[in-house]
Amino acid sequence: MSTVTASAARTVSERRRWAMLAVSTAAQAAASVAINGAAFLIPVLVHDRGLSLTQAGTVAALPLIGVLCTLLLWGAAVDRVGERAVLLAGLGGTALAGVAATLVDGTAALGATLFLAGAFAASTSSAGGRVVVGWFPPERRGLAMGIRQMAQPAGVGIAAVSIPVISAHEGVAAALAVSPIAALAAAAAVLVIVLDPPRPERAIEHTANPYRGSSYLQRIHVASILLVVPQFLVWTYALVWLLDDRGWAPAQAGLLVAATQLAGALGRIASGQLSDVVGGRMQPMRWIAIAAVVSMALLGLTAWLGWAVSILLLAAATTITVADNGLAFTATAERAGPYWSGRALGVQNTAQYLTAALCAPIAGASITHLGHPATFALSALFPLAAIPLVPVRGERPLA
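Note that the structure is a prediction, hence the values are computed from the model and not measured.

Draft legend 1. Representation of the overall build of the chain. Of the regular secondary structure elements, the chain holds 20 helices and zero strands. Computed over C-alpha atoms, the radius of gyration of the chain comes to 20 Å, within 12% of the 21 Å expected from 2.2 N^0.38 for 399 residues, which places it in the range of a compact globule. When burial is assessed residue by residue, the chain has 58% of its 399 residues classed as buried. Within the chain, residue pairs in contact and separated by at least 24 positions form 85% of the contacts whose partners lie at least 6 positions apart.

Draft legend 2. Main features of the pattern of salt bridges. In total, this model carries six salt bridges according to the counting rule given. For the salt bridge of Arg 140 with Glu 14, the shortest nitrogen-to-oxygen distance reads 2.3 Å. Of this pair, Arg 140 sits in helix H8 (residues 138–149) while Glu 14 sits in helix H2 (residues 14–36), and the two are 126 residues apart along the sequence. For Arg 140, a relative accessible area of 31% puts it in the partly exposed group. The class of Glu 14 is partly exposed, set by a relative accessible area of 39%.

Draft legend 3. The arrangement of the layout of surface pockets in detail. One number sums up the size of the second largest pocket: a volume of about 190 Å³. Lining the second largest pocket we find Val 229, Leu 233, Thr 355, Cys 359, Ile 362, Ala 363, Ser 366, Thr 375, Leu 378, Ser 379 and Phe 382. Within the residue set of the lining of the second largest pocket, elements represented by two or more residues are helix H13 (216–244), helix H18 (341–370) and helix H19 (372–378). For the lining of the second largest pocket, the class distribution of residues is seven nonpolar, four polar and no charged.

Draft legend 4. Molecular detail of the confidence of the model for the chain. With 95% of its residues at a pLDDT of 70 or more, the chain has an overall mean of 87. Between the elements of the chain, mean pLDDT differs from a low of 52, seen in helix H1 (residues 6–9), to a high of 97, seen in helix H20 (residues 381–386).

Draft legend 5. Seen up close, the packing of aromatic side chains. A complete count under the given rule lists two aromatic pairs for this structure. Aromatic side chains Trp 18 and Phe 136 sit 5.1 Å apart centroid to centroid with 80 degrees between the ring planes, which places their arrangement in the edge-to-face category. Highlighted residues: Trp 18 in helix H2 and Phe 136 in the loop between helix H7 (123–135) and H8, separated in sequence by 118 residues. Its relative accessible area of 34% is what places Trp 18 among the partly exposed residues. Here the aromatic rings of Trp 241 and Phe 376 are separated by 5.8 Å at their centres, their planes lie at 90 degrees, and the arrangement is edge-to-face. Placement of the pair is Trp 241 in helix H13 and Phe 376 in helix H19, with a sequence separation of 135 residues. Residue classification places Trp 241 among the buried positions, given a relative accessible area of 1%. Note that Arg 343 overlies the ring of Trp 340, its terminal NZ or CZ placed 4.1 Å from the centroid.

Draft legend 6. Spatial organisation of empty space enclosed by the protein. Inspection of the entire model under this criterion finds four cavities of 30 Å³ or more. Its volume calculated, the largest cavity comes out at about 150 Å³. As for the largest cavity, its lining consists of 14 residues, of which Gln 149, Gln 152, Asn 325, Asn 349 and Tyr 353 are closest to the centre. Contributions of two or more residues to the lining of the largest cavity are made by H8, H13, helix H17 (325–336) and H18.

Draft legend 7. Seen up close, the nonpolar core. Counting residues in hydrophobic clusters, the biggest one holds 90 residues, and the most contacted among them are Phe 40, Phe 232, Tyr 237, Leu 242, Met 296, Leu 299 and Tyr 353. Top contributing element to this core by residue count: H13, with twelve residues. Core analysis: the next-biggest nonpolar cluster, separate from the first, contains 22 residues, Ile 288, Ala 336, Ala 344 and Ala 386 among them.

Draft legend 8. Molecular detail of the environment of Leu 358. The residue Leu 358 is located in helix H18 in this model. With a relative accessible area of 47%, Leu 358 lands in the partly exposed category. Here the alpha-carbon distance between Leu 358 and Val 229, two residues 129 residues apart in the chain, equals 9.3 Å.

Draft legend 9. Structural detail: H8. Its twelve residues place the ends of H8 16 Å apart at the C-alpha level, agreeing with the 16 Å of an ideal helix rising 1.5 Å per residue. Counting buried residues in H8 gives nine out of twelve residues, a clear majority hidden from the surface. Buried residues of H8: Pro 138, Arg 141, Gly 142, Ala 144, Met 145, Gly 146, Ile 147, Arg 148 and Gln 149, and no others.

Draft legend 10. Layout of the environment of Phe 329. For Phe 329, the position within the fold is in helix H17. A residue is classified by how much of its surface remains accessible, and Phe 329, at 2% relative accessible area, is buried. For Phe 329 and His 221, which are 108 residues apart along the polypeptide, the C-alpha to C-alpha distance reads 9.5 Å. When neighbours within four sequence positions are excluded, Phe 329 is seen to be in contact with Ser 125, Gly 129, Met 145, Arg 148, Gln 149, Leu 345 and Asn 349.

Here is what the cut-offs are and how they apply
Position numbers for residues count from 1 along each chain, tracking the sequence in the order it is written. Note on the predicted model: pLDDT of at least 70 is required for a residue's local features to be given, and 80 or more for side-chain atom pairs to be given and counted; whole-chain, interface and lining totals, by contrast, use all residues. Derived side-chain values reflect all non-hydrogen atoms in the structure, with water molecules and hydrogen atoms excluded from consideration. Strands are runs of DSSP state E lasting at least 2 residues, helices are runs of H or I lasting at least 4, and numbering of each runs from the N terminus. Between the two quantities, the radius of gyration covers C-alpha atoms and the globule rule is 2.2 Å times the number of residues to the power 0.38. Each residue is placed in one exposure class: buried if its accessible area under a 1.4 Å probe, protein chains only, is under 20% of its type's maximum, exposed if it is over 50%, and partly exposed if it falls in between. Note on contacts: a residue pair is in contact if any heavy atoms of the two residues lie within 4.5 Å. Just to be clear on terms, a salt bridge is a Lys or Arg side-chain nitrogen sitting within 4 Å of an Asp or Glu carboxyl oxygen. Points on a 1 Å grid, built from protein atoms alone, make a cavity when a 1.4 Å probe fits but cannot get out and make a pocket when they are open with protein on both sides within 12 Å along at least 5 of 7 lines; residues with an atom within 4 Å of a point are the lining residues. Grid points are joined across faces, edges and corners, and a volume is the space filled by probe spheres set on the points. Note on residue categories: nonpolar means Ala, Val, Leu, Ile, Met, Phe, Trp, Tyr, Cys or Pro, charged means Asp, Glu, Lys or Arg, and polar means any other residue, Gly included. Looking at any residue, its pLDDT shows the predictor's confidence there, from 0 to 100. To pair, rings of Phe, Tyr and Trp, with the six-membered ring standing in for Trp, must have centres within 6.5 Å; the planes then decide the type, stacked if under 30 degrees apart, edge-to-face if over 60, and tilted in the middle. To sit over a ring, a charge needs its Lys NZ or Arg CZ within 6 Å of the ring centre and within 35 degrees of the ring normal. What is meant by a nonpolar core is a set of buried Ala, Val, Leu, Ile, Met, Phe, Trp, Tyr and Cys residues, joined one to another through side-chain atoms within 4.5 Å. Multiplying one less than the number of residues by 1.5 Å gives the expected span of a helix.

Listed below in structure tokens is the structure:
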């Protein structure tokens, strides 16, 4: 483990800290391409390979299943061996699995390689988050983590711009090459820039189980599970809705989805900065839950009515539904502490990705039987249930 001592950490420049934030963001973006990029193959899998929408949604969910199978293991590895080693191992494995995905034939083999890519890409979640939490003070951590968390929608945006167009013109294998290229570039940056953040000496107050004596972390996990449903619904099926219901061309639809992902990335930065200003992560998270209820309900209504404003509401919903992730992620790491945050973030993200993996095929079946508008509207029930669960009163002052 190459952890920097507290005294040595004081010699690490401000520029180096921001560079590590940038590399952590790039690593998470590369992982996001690997994890979420398969969703943009759904139209090709349905129209060219003859899969049903539910089957194609299941293939798209396999990287998510790979993620949820390994998040806890990667989190424990971060707590034990450090952030840098985990990032290098995970990104290297992501690249290898991504290359394998471009070479295999058949849906089953493709699904297996996508599963492996997701399993390795999961490493960036806990490791990259710990790099940011460890190198930035609490009063600037919300902004820093908001910047880092923009990587997920940014990665989806990269996939949205590239994968539908490449797959439509060059085929599935060529489109899948985007992921390993991104992973290799991120791994090279980690090798050059990232240092493990300092940790205090082991003591009871630093190593005690944060899940005992309080339901604070458990409530964050459950609220996050509920809030992730509309997020992954619009991520996975916005492109399909634009193509099938609205009649858009793949390039136009991909650009719109990419633009909404950019807006979502900026929304994460804004929510992180807001949490620094108000001195807490949970109150902004509750505000976002309320906004998610309104935006998804209105999206469902206007899509059902066929109004053009539904396109704007799709953009608004995509921006709003991703804005809470950085807040929950930061609050989890802060409460868990330096010797439990890897595992706690693993629990946090396992719960979210398990929900996301289930969301893709279930939502596909719902869309098949009820249509996009009804499915959008029904998803508003999940953030509605999350509102009272966000533990605003249990949060400690930032310190």
